[in-house]
Amino acid sequence: MSNKPKTINGLMKYLRDTKGLNISGSSQKQKLMNIGYYHGYKGYRYIDKPANRAPFTQFEELIAVYDFDMQLKALFYPYVMQIETALKNYVLEVIVESVQSDSFSDVYSKLLDNYKCYSTTGTKYRTLQDRKRAEDKFKKELQRRLDLRNRIYGVQANAFKNDNKIAHHFLSKDKPLPIWGIFELLSLGEFGHFVSCLNKHCRKRISTKLRIQQSDDTNSMMTQRLIYTTKDLRNAIAHNDVVFDTRFKTGSIDKQMSNAISNAVNVSGITFDTITDYLVLLIYQLKLIGISKTELRKLISGFSEAQERLRSAIPTSAYSQIIHTDNNHKIQALKAYIGK
């Protein structure tokens, strides 16, 4: 492609002549304008990774994937926000009950001390290398706690600078932000960091309060893992990034969490390599926080309708890369799970 900028007509010609995509006429020209060449075409021309080009020959096939992606974001967003709010409130309830205070300094000193379980004091090690590994782990966990504290103070400073009402209300009166106010300012990723620094006893209370099956959460880390996994989806939706092929994942998904969800929902193959698995993740969490069966069925129905529209609009070879063959089995398992 020439470095010289192209008009929309030039881009359409380029797509026809170089990319083999059938695109023409004022209607398709308008659609390309609306989705954008760089955000739209370049984002939806492949599945999962750029090397895996979608087998599209018609512009309308690409548009069908774009529409499916937008439908997913519109469908998932309110539920993701509901989960974020609920998880923060569950954690808030437990920590306030635990310290009988809404002071961050009290929470920090009494609950955000998970690093202590990695202390090497009084422990004997078989080799010097084993001791060094243990000391490095302790240092890493202590550093995470210190980083959390710095981040929380930084979040408050930024909020005050940007005239956030909560931050301004307290800080302008020289009062510390209560823990609930801090939670309002934290991103979902930062909140996950907070939960991961809580001691195991506190994390276990949160896990129990959420009614997570304790045999699947022996180290009481399910809550933070749910937060981190949901965070990737939430951020992709909020920034209008592509979600249909789960390219938004920032890292590998912990198998303990996948197994716990599989056990609860009674379905195998939760890998988070397909958007169906993120539907399972949402339904699992929404049921934990007590969302009604009617609302959960509505979410599944919306997903299935969008999926069927996609099926009828693109080649089978592309559809099977987006919606895997175990999709129907997972949908049926979800419906049975909701009915329990």
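Notes on the structure in this doc start here. What you see is a predicted model, and the numbers here were worked out from it, not measured in a lab. (Residues numbered from 1 in each chain as written. Predicted model: local features only at pLDDT ≥ 70, side-chain atom pairs only at ≥ 80, totals over all residues. Heavy atoms only, no water.)

1. Considerations on the packing of helix α4 (residues 59-99) against helix α9 (residues 188-197)
In contact at an axis separation of 12 Å, α4 and α9 are set at 30 degrees when each is read in the N-to-C sense. Classified by the interaxial angle, the pair formed by α4 and α9 is roughly parallel. Between α4 and α9 lies a crossing of left-handed hand. Residues E84, L87, K88, V91 and I95 of α4 form the contact with α9, whose participating residues are L188, F191, F194 and V195. Grouping the constituent residues of the contact of α4 with α9 by class yields 7 nonpolar, no polar and 2 charged. (Axes fitted to C-alpha atoms, helices over the stretch in contact; angles between N-to-C directions. Helix = DSSP H or I, 4+ residues; strand = E, 2+ residues; numbered from the N terminus. Parallel < 35°, antiparallel > 145°, perpendicular 65-115°, else oblique. Left-handed = near helix turned anticlockwise from the far one by under 90°. Contact = heavy atoms within 4.5 Å. Nonpolar A, V, L, I, M, F, W, Y, C, P; charged D, E, K, R; others polar.)

2. Thoughts on the pattern of salt bridges
Under the defined criterion, the tally for this structure stands at 21 salt bridges. Note that E84 is salt-bridged to K88, the shortest N-O span being 3.4 Å. Of this pair, E84 and K88 both sit in helix α4, 4 residues apart, roughly one helical turn. Under the relative-accessibility criterion, E84 is labelled buried at 7%. Here K231 ties to D232 by a salt bridge, and the two come within 3.0 Å at their closest N and O atoms. (Salt bridge = Lys/Arg side-chain N within 4 Å of Asp/Glu carboxyl O. Buried < 20%, exposed > 50% of the residue type's maximum accessible area, 1.4 Å probe, protein only.)

3. Thoughts on helix α16 (residues 327-339)
In this model α16 runs 19 Å from its N-terminal to its C-terminal C-alpha over 13 residues, within 8% of the 18 Å that 1.5 Å per residue would give. Considering only its buried residues, α16 is in contact with α12 (255-265), α13 (275-288) and α14 (293-311). (Expected span 1.5 Å × (residues − 1).)

4. Observations regarding unusual backbone geometry
We note that D48 has phi near 80 degrees; this positive angle belongs to a residue other than glycine. With respect to the helices and strands, D48 occurs in the loop between α3 (37-44) and α4. Here N240, not a glycine, exhibits a phi torsion of approximately 55 degrees, which is positive. Tracing the backbone shows N240 in the loop between α11 (222-238) and α12.

5. Considerations on the nonpolar core
Core analysis: the largest hydrophobic core is formed by 109 residues, its most contacted members being F76, I95, F194 and L198. Take this core: its biggest share by element is 20 residues, from α4. In this structure, F194 is in contact with V91, I95, F104, V107, L112, L148, I152, I179 and F183, ignoring residues within four places of it in sequence. (Core = buried A, V, L, I, M, F, W, Y, C linked by side-chain atoms within 4.5 Å.)

6. Details of the packing of aromatic side chains
Enumeration according to the criterion identifies 12 aromatic pairs in this entry. Judged by centre distance (6.4 Å) and plane angle (5 degrees), the ring pair of F76 and F303 falls under stacked. Remark: F303 occurs in helix α14 and F76 occurs in helix α4; sequence separation between them is 227 residues. There is no split in this pair, since F76 and F303 are both buried. Consider the rings of F183 and F194, whose centres lie 5.0 Å apart with planes at 85 degrees: the pair is edge-to-face. (Phe/Tyr/Trp six-rings, centres within 6.5 Å; stacked < 30°, edge-to-face > 60°.)

7. A word on the environment of F160
With respect to the helices and strands, F160 occurs in helix α6 (residues 128-161). Each C-alpha atom of the pair F160 and V91 lies 24 Å from the other, and the pair is 69 residues apart in sequence. Those residues in contact with F160, other than ones at most four positions away along the chain, are A167, H168, L171 and S172.

8. A short note on the environment of S26
As for its placement among the helices and strands, S26 is situated in helix α2 (residues 25-35). C-alpha of S26 to C-alpha of Y118: the two residues are 92 residues apart in sequence and 65 Å apart in space.

9. Concerning the environment of L185
Summarising the element assignment, L185 is placed in helix α8 (residues 179-185). Looking at L185, the relative accessible area reads 17%, which means it is buried. Between the C-alpha atom of L185 and that of T218, which follows or precedes it by 33 residues, the distance is 30 Å. Apart from the residues lying within four places of it in its own chain, the contact partners of L185 are V155, Q156, A159, N164, L177 and E190.

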